[in-house]
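# Overview (structure and organization)
Residues per chain are reported as follows:
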Amino acid sequence: MKTENSEQLFNRAMEVLVEGCSSASRGPMNYKPFPPYMREGKGARIWDVDGNEFIDWQLSFGCLPMGHSHPKIVEIVQEKVAGGTHFATALEVEVETAELMVNMLPHVDKVRFANTGTEACMTGVRMARGITGKRKVLKFEGHYHGWYDGLLVSTNPQPISTLGHPNDPIRIPDSSGLTPGSLEDTLVCVWNDEVALERMLATHGHEIACLVMEGAMSNMGVIPPKPGYLKRAQELCRAYNVLFYLDETVTGFRVAPGGAAELYDLQPDIVTFGKALGQGFPVAAIAGPDHIMESIEYGKVLHYGSHNAPRLGLYAAKTMLEEMSRDNFAGFHKITAIGEQMTKRLNQVARDTGQNMRVQNVGSMFHPVFTDLDAITGYREFCAAADLAKYADFSQKMRDQGVFFSGNKILHNLSCTEHTQADIDTSIEAAGNALEQMARD
Ligand SMILES: Cc1ncc(COP(=O)(O)O)c(C=O)c1O
């Protein structure tokens, strides 16, 4: 594999960009000694500046349910860009996209558009505080909700000996520069354990504005909820008068047309979307029932943003929702079937090669974890028993064969509507080669 052009760009980049790029996840932290600089993407393929071609399973961290430069997206964006990009006024496409979303989401009456998941989550938390008059937020260890101060607690894998007792997890700030207040107001609980959650709510419910969570953990590989757990969490929130906030930034418009709320039959009070919604453009949304969403009317809880409801992004979002929903949601069924097939076959290859790779998935989201456990059901198991160095080796060996698995060791891989059976077969063959080579190394 040629890498001269990426190396040259990296050397130039290091003069003007921190870590040679704009997010640590894309740089040498995950791609050693320098990252591949991408030039182009089409369907499920990407090409770097050295002309290397990859089957893409990272898919822009989940932002591309229809793959790269889908003809329908290219067509609508090309048509609309000539008419202007930004008016800072209300837009017809904003209404149309919100109507589509409300039709797909029975728990949602109203939508407010933002740009990124982080902003949406920040707004969701502020709304919860405004509505309830309570200050604290309860989140789970290992759940990531963007890089807003108030939620940047206990989101990374840590040595198990640093996590404290599961009944009272130590809150671990994930950045310098957080104020004591953001740590103080953010309570942390272990996930997938209803007894722990009830204990926490019984003790602190009177001061907790909302319980925020991912419907399935997607930032610690993929960890599905135990059967009935999410419904019980919702029930407990209602019992303790705490708003139930489902962060669907990853799962929304991906694990089902109605996201994790549909998959697990939930009626969250607050929902946030991002990633898949914009089909590659920065579009996010906060959504919920009328009595919750009225809180961001002017004069109550503030939500602003020069770039809210980006015009071209909304055309992409509208087109994605229409296309994925066509023929009884065939697009959603297709990405799920591909994710299921990848999961099953990767697990088979692991067994065939005698490697301790376990692949877990929720629909189209899947992730290989190297572990001696039969399954990972929570953050602490992931911290204690996931061999991240082995995943890094595996994903590098996949990329060396032209199959782009996430370079970030704790994120997940995904399918899109454009992956073909040949892409799947080629990727499985590459996984077999990688695992055999790892057994020999
Ligand atoms: C569940 C979840 N919420 C929020 C975010 C933040 O979204 P963004 O990166 O668009 O700010 C992420 C990003 O990975 C996420 O996984």
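Note that the structure is a prediction, hence the values are computed from the model and not measured. (Residues numbered from 1 in each chain as written. Predicted model: local features only at pLDDT ≥ 70, side-chain atom pairs only at ≥ 80, totals over all residues. Heavy atoms only, no water.)

## Description of the pairing of strand β10 (residues 284-288)
Within β10, five of the five residues are buried, leaving the element largely enclosed by the surrounding structure. Bridge count between strand β4 (residues 110-114) and β10: five bridges; the pairing is antiparallel. Along β10, the bridge assignment pairs K110 with G288. (Buried < 20%, exposed > 50% of the residue type's maximum accessible area, 1.4 Å probe, protein only. Helix = DSSP H or I, 4+ residues; strand = E, 2+ residues; numbered from the N terminus. Pairing = 2+ DSSP bridges.)

## Remarks on the site of the ligand
Taken together, 13 residues are adjacent to the ligand, and G117, T118, N219, D247 and K275 come closest. Y144 is positioned with one of its backbone polar atoms (N or O) 3.4 Å from a nitrogen atom of the ligand. For the ligand, a nitrogen atom lies 2.6 Å from a polar atom in the side chain of D247. Look at the ligand: alone it shows 390 Å² of surface, and the protein chains cover 85% of it. The greatest single-element share of the shell around the ligand, amounting to three residues, is contributed by helix α5 (residues 117-132). Tallied by class, residues from the shell around the ligand come to three nonpolar, seven polar and three charged. (Near = heavy atom within 4 Å. Polar contact = N/O pair within 3.5 Å; in protein donor to acceptor, adjacent residues only side chain to side chain. Areas by Shrake-Rupley, 256 points an atom, 1.4 Å probe, with all protein chains shown as cover. Nonpolar A, V, L, I, M, F, W, Y, C, P; charged D, E, K, R; others polar.)

## Thoughts on the domain arrangement of the protein chain
According to the domain assignment, the protein chain contains domain 1 (4-69 + 328-440) and domain 2 (71-322). Computed from C-alpha atoms alone, the centre-to-centre distance between domain 1 and domain 2 is 25 Å. The interface of domain 1 with domain 2 comprises 33 residues on the first partner and 41 residues on the second. Interface area lost by domain 1 to domain 2 is led by F332, Y379 and R380, which between them contribute 26%. Where domain 1 meets domain 2, there are one salt bridge. Across the salt bridge formed by R380 and E141, the nearest N and O atoms sit 2.8 Å from each other. Seen at the junction of domain 1 and domain 2, the total is 16 residue pairs in polar contact (both at pLDDT 80 or more). (Domains from an automatic or database assignment. Contact = heavy atoms within 4.5 Å. Buried area = accessible area lost by both parts, 1.4 Å probe. Salt bridge = Lys/Arg side-chain N within 4 Å of Asp/Glu carboxyl O.)

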